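Take a look at the letters that make up each chain.
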Amino acid sequence: MAGLGPLLRKELLEQWRTLRLPVVATIFLLVGLSSPLLARFTPEILKAVGGDQFTISLPTPTAADAVDQLAKNVGQFGGLIAVLLAMGAVATEKERGTAALLLTKPVSRGAFLVAKLVAIGLTLAVSVAIATAGAWFYTLVLFAPLPVPGIAAGAALQWLTLMAWASITFVGSTLTRSSLAAAGLGIVAFIVVGILGVVPNVGRFLPTGLGGPGRALALGIPGPDPVVPTVATIVLIGVAGLTAWLAFRRQEL
Amino acid sequence: MTSASPGLDPPSGTVVVAGPDRVAGPDDVVGPVAIHARGLSKRFGSIVALDGLDLDVPTGSIFGLLGPNGAGKTTTIRILTGLARPTAGAATVAGVAVGLDRPELRQHLGYLDQDPRFYGWMRGRELLELVGRLGGLAGADLRAQVGAMLDRTGLTDVAERRIGGYSGGMRQRLGIAQALLHRPAIVFLDEPVSSLDPEGRRDVLELIADLRDETTVVVSTHVLSDVERICDRVAILDRGRLVTEAALDQLLADHVRPVYRLAADPGQGPAVELLTRRLRSTPWITDVSAMPGGELRIVVSDPAVAAASLLPAVVDAGVRLAVFERVRPTLEDVFLELVGSPSADELDGRGFIRPREVER
């Protein structure tokens, strides 16, 4: 892993200097803050929109609705952002020629990839943490306090899911010189895994299988065992990273 | 850890050059070598970019890699720097076998791309600090080396500016700075002055010349006058093949033309006419031309006889000379003699020589 430290430092500086981290963190903060608000006020909004013409009967919102709303929003917006963060990570550097600048220095290609994936992971981790903190605060204000260790564990699982989409996109970015092709791979994986996730006995081996355990942990209630989907997702990320390295170390620049 | 490629026997001894009766080549270099390549080939499908290149670059030399566009210069450098892999053949750089993912190889080399690209968001000093850290520099040594390289390349005043705002010349100088920063044993400069104005070109060429005895420099270019100014050894490539490789002085000496130039002191019209008549009837002289300004240009068939007999013939005719010299060829003369000018059919739309193709 020759050169990992300086490369990671460069990647983190790039995340900050190109405003990726501030922009992504801000989007996640808005998502986090808005999720409990949407859960709390959706019945009133629907009532105001429908007026007297029709009546919609909805149960009284609870903290569980806030958690569900957060999971849905972070899962969708966050998934898309994870793909956007990873799509150009390697492809753009190859296409612009900056990869050749660094890879004619005493650095290993593995270090080059790891630095990028870690930087993406840290950006997503900070963003998910901010979104979760915002959601926890408004849930406290509007509903009831959520257990901090539980919601933190749920956030970790959500981050792991986003890392799965980022890793798959990262493989595409490594295999091609096209950011769009990489994004296409990530989005296809996002859709296919989403469809497979509803198949009985299959979903728990996929990143989407982390949703149920994450919800239960956040609410502090009994739920599905998180071990199997967690291990499966970590293996998926590992396989993606290994695939990217095996391909990249044989590529001409 | 270093390792040599199988099948590569490192040469040793002193530098010997080829004579005029044979083409010079890498086997004539038998001193400490920084780069040793045998049979390097690179194909892209049926296109032959490099064809069995044998190359030895003496340690400490400024080595010119010459050839027209599309000759294989950049391909050679890309293979030697580990950016591309050869289809066949092997090479060592600083004793380390070249390959794609070889940090231990790159510890010894610096590289400037013909179109250097940087991170526009980064400041000049930050880039050099990053490159220095990757090269193993740290602390005071890193700061001192970055400062020295900024001074050397004239970038100190713009070191805190973002690279995205640099001019082409600044980027080229930053490229040279990053290539030299970690004090590599061998530096590859691919067309280092191609995008510079005359002043920037002069500065960069002087900078490269200053590297003599400090590091081994391989510089690729198709601008022959630049090579003549700074290189002490050259290899000429044409369509992926090595045409010749020799010390620059020896190459010029080997291709010296059998032509003498005489200029008489003014006011000797009759004596010069007599000399001209005598020379035209001399069997080892094939042509005598009167040039503007009273000069004579004499083409000889036997340079050895001419060297011994031409000056006595002038004295015998009673001509007092202001100039008597054997015309020295320029590198351009030698290049055109060895490579020739491409015909229109041999050029593609971009002015590049069409590569050779083989059946797959």
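Relevant structure appears above.
What you see is a predicted model, and the numbers here were worked out from it, not measured in a lab.

A. Spatial organisation of the overall build of chain B. Along the backbone of chain B there are 11 helices and 15 strands. For chain B, the proportion of its 360 residues judged to be buried stands at 41%. Long-range contacts, defined here as pairs at least 24 residues apart, represent 68% of the contacts in chain B between residues at least 6 apart.

B. Spotlight on the overall build of chain A. Counting its secondary structure elements, chain A contains 10 helices and zero strands. Sequence-ordered secondary structure for chain A, helices as α and strands as β, is α-α-α-α-α-α-α-α-α-α. Taking 2.2 N^0.38 as the reference for a compact globule, 253 residues should give roughly 18 Å; the C-alpha atoms of chain A span a radius of gyration of 20 Å, in line with that estimate. Along the longest, intermediate and shortest principal axes, the C-alpha atoms of chain A span 70 × 40 × 35 Å. The burial tally for chain A puts 47% of its 253 residues in the buried class. Put simply, 79% of the contacts in chain A that link residues at least 6 apart link residues at least 24 apart.

C. Quick peek at the sheet that holds strand S8 (residues 216–221) of chain B. All names here are of chain B. Strand order in the open sheet formed by six strands is S6-S7-S8-S3-S9-S10, and the pairing between neighbours is mixed. Where the open sheet ends on each side, the last strands, each with one partner, are strand S6 (109–112) and strand S10 (241–247). The sheet shows a mean angle of 15 degrees between the axes of neighbouring strands, taken without regard to direction. Pairing geometry for strand S7 (residues 186–190) and S8, over five bridges, is parallel. Bridge pairing in S8 places Asp190 opposite Ser220. Along the sheet face, helix H5 (residues 168–180) touches S6 and S7 and points at about 170 degrees away from the line of S6.

D. Main features of helix H9 (residues 211–219) of chain A. Residues and elements named next belong to chain A. With seven of its nine residues buried, H9 lies for the most part within the structure. When we look at burial in H9, the residues that qualify are Gly211, Pro213, Gly214, Arg215, Leu217, Ala218 and Leu219. Looking at the buried side of H9, the elements it contacts are helix H3 (63–87), helix H7 (148–175) and helix H10 (227–248). A positive backbone phi angle near 70 degrees is found at Gly220, which sits one or two residues after H9.

E. Here's a closer look at the nonpolar core. The biggest cluster of nonpolar side chains holds 145 residues, and the ones touching the most others in it are A:Ala166, B:Ile35 and B:Val218. Leaving out residues up to four positions away in the same chain, B:Val218 has contacts with B:Ile35, B:Val57, B:Phe63, B:Leu65, B:Ile77, B:Ile186 and B:Phe188. Within the second largest apolar cluster, 15 residues are counted, among which are B:Ala264, B:Ile285, B:Val314 and B:Val319.

F. Broad picture of the sheet that holds strand S13 (residues 295–300) of chain B. Residues and elements named next belong to chain B. Spatially, S12-S13-S11-S14 is the arrangement adopted by the four strands of the open sheet, whose pairing is antiparallel. The sheet is open, and its two borders are formed by strand S12 (285–291) and strand S14 (321–326), each paired with just one other strand. The average angle at which neighbouring strand axes cross in this sheet is 15 degrees, direction not considered. Here strand S11 (residues 259–264) runs beside S14; their pairing, made up of five bridges, is antiparallel. The partner of Tyr260 across the bridge, within S14, is Arg326. Each of S11, S12 and S13 is contacted by helix H9 (residues 269–280), which is oriented at about 155 degrees to S12, the strand it contacts most. Strands S11, S13 and S14 of the sheet are contacted by helix H10 (residues 303–316), whose axis makes an angle of about 10 degrees with S11.

G. Representation of the environment of A:Phe112. Looking at where A:Phe112 falls in the secondary structure, it is placed in helix H6 (residues 109–142). Residues contacting A:Phe112, with those up to four places away along its chain left out, are A:Leu7, A:Leu102, A:Leu103 and A:Val107.

H. Region of the structure containing the interface of chain B and chain A. With 22 residues of chain B at the contact, the number on the chain A side is 22 residues. Listed by contribution, the elements that provide at least two residues to the side of chain B that touches chain A are helix H2 (103–106) and helix H3 (124–134) of chain B. Counted by class, the side of chain B that touches chain A contains 11 nonpolar, four polar and seven charged residues.

I. Molecular detail of the pairing of strand S4 (residues 88–93) of chain B. Residues and elements named next belong to chain B. When strand S1 (residues 33–44) meets S4, the two strands line up antiparallel, connected through five bridges. The residue of S4 that forms the bridge with Ser41 is Ala88. Connecting S4 to the next strand, strand S5 (residues 96–97), in antiparallel fashion are two residues, including Ala94 with a positive phi near 55 degrees.

J. A look at the pairing of S12(B). Inspection of the sheet shows S12(B) paired to S13(B) by six bridges, in the antiparallel sense. The residue of S13(B) that forms the bridge with B:Asp287 is B:Val299.

K. Main features of unusual backbone geometry. Residue and element names in this part refer to chain A. The phi torsion at Leu19 lies on the positive side, around 70 degrees, for a residue other than glycine. Checked against the element boundaries, Leu19 lands in the loop between helix H1 (4–17) and helix H2 (20–50). A positive phi angle, close to 70 degrees, is found at Asn201, a residue other than glycine. Within the secondary structure layout, Asn201 lies in the loop between helix H8 (179–196) and H9. Looking at Asn201, the number of C-beta atoms within 10 Å reads 6, which means it is exposed.

L. Seen up close, the environment of B:Ile79. All names here are of chain B. Here Ile79 is to be found in helix H1 (residues 73–80). It is 34 Å that separates the C-alpha atoms of Ile79 and Val256, two residues lying 177 residues apart in sequence. Dropping the residues within four chain positions of it, Ile79 is found in contact with Leu40, Lys42, Ala84, Arg85, Pro86, Ala91 and Val98.

M. Highlighting helix H6 (residues 198–210) of chain B. Residues and elements named next belong to chain B. Along its 13 residues, H6 runs 18 Å from first to last C-alpha, staying within 8% of the 18 Å computed at 1.5 Å per residue. Looking at H6, one finds that the buried residues are Val204, Leu205 and Ile208. Taken end-on, H6 shows its buried residues confined to a sector of 100 degrees, consistent with a single buried face. In H6, those exposed residues whose orientation departs by more than 90 degrees from the buried face are Glu199, Glu206 and Asp210.

N. Structural detail: the packing of H3(A) against H9(A). Residue and element names in this part refer to chain A. Contact pair H3 / H9: the axes reach a minimum separation of 10 Å and the direction vectors enclose 140 degrees. The angle between H3 and H9 places the two elements in the oblique class. Of the two possible hands of crossing, H3 and H9 adopt the one that is right-handed. Contacts between H3 and H9 involve Ala63, Ala64, Val67, Asp68 and Ala71 from the first element and Gly211, Gly214, Arg215, Ala218 and Leu219 from the second. Split into classes, the residues belonging to the contact of H3 with H9 amount to six nonpolar, two polar and two charged.

O. The arrangement of the packing of H2(A) against H3(A) in detail. Residue and element names in this part refer to chain A. At a minimum axis distance of 8 Å, the contact between H2 and H3 shows a crossing angle of 160 degrees. In terms of their interaxial angle, H2 and H3 are classed as roughly antiparallel. For the pair H2 and H3, the crossing hand works out as right-handed. Residue-level inspection shows Arg20, Val24, Ile27, Phe28, Val31, Gly32, Ser35, Pro36, Leu38 and Ala39 of H2 in contact with H3, the latter providing Asp65, Ala66, Gln69, Leu70, Asn73, Val74, Phe77, Gly78, Ile81 and Leu85. Broken down by class, the residue content of the contact of H2 with H3 amounts to 13 nonpolar, five polar and two charged.

Criteria and thresholds
Residues numbered from 1 in each chain as written. Chains lettered and ligands numbered in written order. Predicted model: local features only at pLDDT ≥ 70, side-chain atom pairs only at ≥ 80, totals over all residues. Helix = DSSP H or I, 4+ residues; strand = E, 2+ residues; numbered from the N terminus. Buried ≥ 20, exposed ≤ 12 C-beta atoms within 10 Å, placed from the backbone. Contact = placed C-beta atoms within 7 Å. Rg over C-alpha atoms; globule rule 2.2 N^0.38 Å. Pairing = 2+ DSSP bridges. Axes fitted to C-alpha atoms, helices over the stretch in contact; angles between N-to-C directions. Core = buried A, V, L, I, M, F, W, Y, C linked by C-beta atoms within 7 Å. Nonpolar A, V, L, I, M, F, W, Y, C, P; charged D, E, K, R; others polar. Expected span 1.5 Å × (residues − 1). Arc of directions from axis to C-beta. Parallel < 35°, antiparallel > 145°, perpendicular 65-115°, else oblique. Left-handed = near helix turned anticlockwise from the far one by under 90°.

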